[in-house]
Amino acid sequence: MASFIESGWQYLISHFNDFQLACLGSFFLHESVFFFSGLPFIYLERAGWLSKYKIQVRNNSPEAQERCITRLLLYHFCVNLPVMIVSYPVFRFMGMRSSLPLPSWKVISTQILFYFILEDFVFYWGHRMLHTKLLYKHVHSVHHEYATPFGLTSEYAHPAEILFLGFATIVGPAITGPHLITLWLWMVVRVLETVEAHCGYHFPWSLSNFLPLYGGADFHDYHHRLLYTKSGNYSSTFIYMDWIFGTDKGYRKLNAMKSSEDNAMNKKM
């Protein structure tokens, strides 16, 4: 397996230069993972499939979904891609490389774990700031246009927010100067996580059912349903920041009430 990956990587670095891989390659990978993971949730919602796992009863109109996709493409090409190009010299300066040998899985997993921890911390405080009255009104309200989120709404945001919260995602790699394959893997897992958090479905196989402190769709869907001043649940991937600062109390109280009601129903049956 390792030799197969190295052979594939050798092909890439033999046919493309560092700039092409780090900027255009990263952009193409991001778009592929994002849309291939997010689009199925649109079709699930329209077809009504697996509706018993849908968190909210409400659905988005096809027009609202199409508007989201159109703006996403505009933002990705006019904001995300230029940011990747402009930030390339910074990553190179901090030591990012694409050459062989590839880093060990131990190095990759350690760096990605660090990125998750740092991203959770930075994202939490940035997200709380965006829920102050002024920033919410002029910036973050764009993301909350969809009170019933679906996978692709994860990156539907004001351009200023894309830059502001995007910093939380790239600050870890910018500090450590990782191998490009580590950066790509981090981008893939981060995109998959945020799409899942906005998907609008809570499945029996959802990670939040098995992984302690993982937020997931149910946790973040609560954030979208409530008014901006009362929502809480500001965390990105793991929910320890909300737990530490008590910004998930409403969510935990709601879950406790649901559990009590379910237990009462089961006793009657």
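To keep things clear, this report deals only with the structure shown in the data block.

The rules behind these values
Position numbers for residues start from 1 in each chain and track the written sequence from start to end. Local features in a predicted model are, by the rule used here, given only for residues with pLDDT of at least 70; side-chain atom pairs are given and counted only at 80 or more, and totals for whole chains, interfaces and linings are based on all residues. The basis for every side-chain value is the complete set of heavy atoms in the structure, and neither hydrogens nor water enter the calculation. The rule is simple: put a 1 Å grid over the protein atoms alone, call a set of points where a 1.4 Å probe fits but cannot get out a cavity, call an open set with protein on both sides within 12 Å along at least five of seven lines a pocket, and count a residue as lining if it has an atom within 4 Å of a point. Grid points are joined across faces, edges and corners, and a volume is the space filled by probe spheres set on the points. A run of H or I in DSSP counts as a helix once it spans at least four residues, and a run of E counts as a strand once it spans at least two, with each numbered from the N terminus. The residue classification treats Ala, Val, Leu, Ile, Met, Phe, Trp, Tyr, Cys and Pro as nonpolar and Asp, Glu, Lys and Arg as charged. All others, Gly included, are polar. It only takes one pair of heavy atoms within 4.5 Å for two residues to be counted as in contact.

So, the layout of surface pockets
- If you add up the space inside the largest pocket, you get close to 1,000 Å³.
- For the largest pocket, the lining is made up of 43 residues, of which Glu 155, Ile 162, Gly 166, Thr 169 and Ile 170 are closest to its centre.
- Secondary-structure elements contributing two or more residues to the lining of the largest pocket are α2 (18-47), α3 (62-93), α4 (105-130), α6 (159-176), α7 (180-197) and α8 (216-225).
- When grouped by side-chain class, the residues that make up the lining of the largest pocket number 20 nonpolar, 19 polar and four charged.
- Every residue along the wall of the second largest pocket is listed here: Met 1, Ala 2, Ile 5, Glu 6, Leu 102, Pro 103, Trp 105, Ile 108 and Ile 181.
- Elements with a contribution of two residues or more to the lining of the second largest pocket: α1 (2-15) and α4.
- At three residues, α1 tops the list of elements feeding residues into the lining of the second largest pocket.
- Split by residue class, the lining of the second largest pocket holds eight nonpolar, no polar and one charged.

Structural notes on the environment of Trp 125
- Within the secondary structure, Trp 125 sits in helix α4.
- The sequence separation of Trp 125 and Ala 168 amounts to 43 residues, and the corresponding C-alpha distance is 9.9 Å.
- Residues contacting Trp 125, with those up to four places away along its chain left out, are Met 241 and Phe 245.

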